[in-house]
Amino acid sequence: KETFAEQAADVLTCVRSINKTDSSILLSSFGSLKGLAKAQMDELSLCPGIGEKKVRRLFDAFHKPFSTQAARKRQKREKEAAEEVAQRKMEAEKAEQQKERNEGDIHEVMV
């Protein structure tokens, strides 16, 4: 995305239920992301097409801290996935070593 409007739309559409049209309306109403972030809920609700749920979700996105619990869960899943990959890699290496040993044994028997 190259233009400010496209980049801002990408950011704003990360908020659940906010679409590109909403993004355009919000930016034209508040002039910038900074102006939008500073807006109060009653100001947001004056924008056409921005209902109560969108107002609350948008306001929360700018004013509530990120969930540390969700971050911890994500980190745990990532760690478990990395451990599983490492385990599979180790098993594959052991299987390859066993295969090489078996091939060596077969070669010795044939000689």
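Model, not experiment: these values are computed from the prediction.

Relative to the helices and strands, Lys54 is located in helix 5 (residues 52-63). Looking at Lys54, its side chain comes within polar contact range of the side chain of Asp22, at 2.7 Å. Residues in contact with Lys54, not counting those within four places in the same chain, are Ser17, Ile18, Asn19, Asp22 and Gly49.

Before going further, it helps to spend a moment on helix 2 (residues 20-30). For an α-helix, the turn length of 3.6 residues means that residues three or four places apart are oriented alike. All buried positions along helix 2 are accounted for by Asp22, Ser23, Leu26, Leu27 and Phe30. What you see down the axis of helix 2 is that its buried residues fit within an arc of 125°, all on one side. Exposed side of helix 2, more than 90 degrees from the buried face: Lys20, Thr21 and Ser28 are the residues found there. Contact partners of the buried residues in helix 2: helix 1 (4-12), helix 3 (33-38), helix 4 (41-44) and helix 5. Its side-chain oxygen 3.0 Å from the backbone nitrogen of Thr21, Asn19 forms the N-cap of helix 2.

So, how was this worked out
Residues numbered from 1 in each chain as written. Predicted model: local features only at pLDDT ≥ 70, side-chain atom pairs only at ≥ 80, totals over all residues. Heavy atoms only, no water. Helix = DSSP H or I, 4+ residues; strand = E, 2+ residues; numbered from the N terminus. Polar contact = N/O pair within 3.5 Å; in protein donor to acceptor, adjacent residues only side chain to side chain. Contact = heavy atoms within 4.5 Å. Buried < 20%, exposed > 50% of the residue type's maximum accessible area, 1.4 Å probe, protein only. Arc of directions from axis to C-beta.

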